[in-house]
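Descriptive analysis of the structure
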Amino acid sequence: MTATAPPTKLTDKQRRFCEEYLVDFNATAAYGRAGYSGSVQAMAVSAHQLLRNPKIQAYLAEVRRVTSEAAKVTLERTIEEIAAVAFANITQVLSFTDGGVTLNDSTTLPLEVTAAIESITVNESITEGGRTVRKQVKLHNKMTALGFLANYFGINDDFNTARATLKRYGLALIEDPENPTGWSVRPYES
């Protein structure tokens with residue numbers, strides 16, 4: 001990363017700390033790997049102080065930006081990938097009837113469907129009764145992906161949780177510019 005590092009005035013150890021921190025986001029471990037020493041507790045405190053340093057924050061932000069640009073990673077692309085997992089439907093990958101399960105041809109699957117596949121396992125066994133082929137398709141965790149999207153869109157924040165609670169009791173929180181708080185509670189109309 002040093003080749004793409006921005007010209008922020010940091011010591012060599014501080015720069016190394018930043019590079020190590022971006023490996024696993026463990027500040028204490030990064031502090032030690034960067035060549036600093038001390039007790040684990042002292043290193044944890046010092047690492048936290050380093051992370052709060054505005055120059056360190058600026059350097060980390062710039063390295064992330066440069067790395068993201070080089071890898072063509074954008075917020076939009078990340079959300080698209082999470083959404084592909086969150087909204088994947090197993091019937092896009094396979095079909096099932098009383099007669100069994102059939103995998104769909106992977107060459108016909110759109111990229112957003114294949115992005116949702118975590119693994120495919122094929123096990124073959126030969127018994128006296130013949131050859132048995134067992135196929136297993138596992139999609140990435142849908143609930144985790146939905147949780148990421150819920151957090152991104154603020155669905156789980158305190159405000160929306162309060163609105164949902166009011167709705168359960170038949171009340172709605174409505175924007176009201178005439179109210180000093182900017183909001184009014186009224187009976188919910190569906």
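Observations regarding the environment of arginine 131
Its place among the elements puts arginine 131 in strand β4 (residues 130-139). In this structure arginine 131 touches Glu124, Ser125 and Ile126, once residues within four positions along its chain are discounted. A polar contact is formed between the side chain of arginine 131 and the side chain of glutamate 124, at a distance of 2.8 Å.

What to know about helix α7 (residues 142-152)
Every buried residue of α7 is accounted for by Ala145, Leu149 and Ala150. An end-on view of α7 places all buried positions within 140° of arc, on one side of the element. Turned more than 90 degrees off the buried face of α7, the exposed positions are Met143 and Asn151. Of the surrounding elements, those touching the buried residues of α7 are α5 (75-86). Following α7 by one or two positions, glycine 154 adopts a phi angle in the positive range, close to 75°.

Describing the packing of aromatic side chains
Within the structure shown, the criterion is met by six aromatic pairs. With centroids separated by 5.5 Å and ring planes inclined at 85°, the aromatic side chains of tyrosine 21 and phenylalanine 25 adopt a geometry described as edge-to-face. Grouped by ring-pair contacts, the aromatic residues Phe17, Tyr21, Phe25, Tyr31 and Tyr36 constitute a single cluster. The side chain of lysine 13 reaches across the aromatic face of tyrosine 36, ending 5.0 Å from its centre.

Brief notes about the environment of asparagine 123
Of note, asparagine 123 is situated in strand β3 (residues 117-127). With a relative accessible area of 38%, asparagine 123 lands in the partly exposed category. With 11 residues separating them along the chain, asparagine 123 and arginine 134 place their C-alpha atoms 5.0 Å apart.

Quick look at unusual backbone geometry
A positive phi angle, near 60°, is found at phenylalanine 25, a position not held by glycine. The topology assignment puts phenylalanine 25 in the loop between α1 (12-24) and α2 (27-33).

What about the nonpolar core?
By size, the foremost hydrophobic cluster in this structure holds 18 residues, and its most contacted members are Phe17, Cys18, Tyr21, Tyr31, Ile56 and Leu60. Contributions of two or more residues to this core are made by α1, α2, α3 (40-52) and α4 (54-71). Apart from residues lying up to four places away in sequence, cysteine 18 is in contact with Leu10, Ile56, Tyr59 and Leu60. Formed by seven residues, the second largest nonpolar core is a distinct cluster that contains Ile79, Ile82, Val85 and Ala86.

Considering the pairing of β4
Where β3 meets β4, 10 bridges bridge the pair, whose relative direction is antiparallel. Across the sheet, the residue bridging to threonine 127 is glycine 130, located in β4. The antiparallel pairing of β3 with β4 creates a hairpin that spans two residues between the two strands.

A look at the pattern of salt bridges
In the structure shown here, the tally under the stated rule is eight salt bridges. The partner of arginine 65 in a salt bridge is glutamate 62, with the nearest N and O atoms 2.3 Å apart. Of this pair, arginine 65 and glutamate 62 both sit in helix α4, three residues apart, roughly one helical turn. Of the charged contacts in the structure, one is a salt bridge between arginine 65 and glutamate 69, with a shortest N-O distance of 2.6 Å. You can see arginine 65 and its partner glutamate 69 sitting in helix α4, four residues apart, about one turn around the helix. Of the residues examined, arginine 65 reaches a relative accessible area of 37% and is grouped as partly exposed. Residues participating in the shared-partner salt-bridge network are Arg16, Glu20, Asp24 and Arg33.

Conventions adopted
Residues numbered from 1 in each chain as written. Predicted model: local features only at pLDDT ≥ 70, side-chain atom pairs only at ≥ 80, totals over all residues. Heavy atoms only, no water. Helix = DSSP H or I, 4+ residues; strand = E, 2+ residues; numbered from the N terminus. Contact = heavy atoms within 4.5 Å. Polar contact = N/O pair within 3.5 Å; in protein donor to acceptor, adjacent residues only side chain to side chain. Buried < 20%, exposed > 50% of the residue type's maximum accessible area, 1.4 Å probe, protein only. Arc of directions from axis to C-beta. Phe/Tyr/Trp six-rings, centres within 6.5 Å; stacked < 30°, edge-to-face > 60°. Lys NZ or Arg CZ within 6 Å of the ring centre and 35° of its normal. Core = buried A, V, L, I, M, F, W, Y, C linked by side-chain atoms within 4.5 Å. Pairing = 2+ DSSP bridges. Salt bridge = Lys/Arg side-chain N within 4 Å of Asp/Glu carboxyl O.

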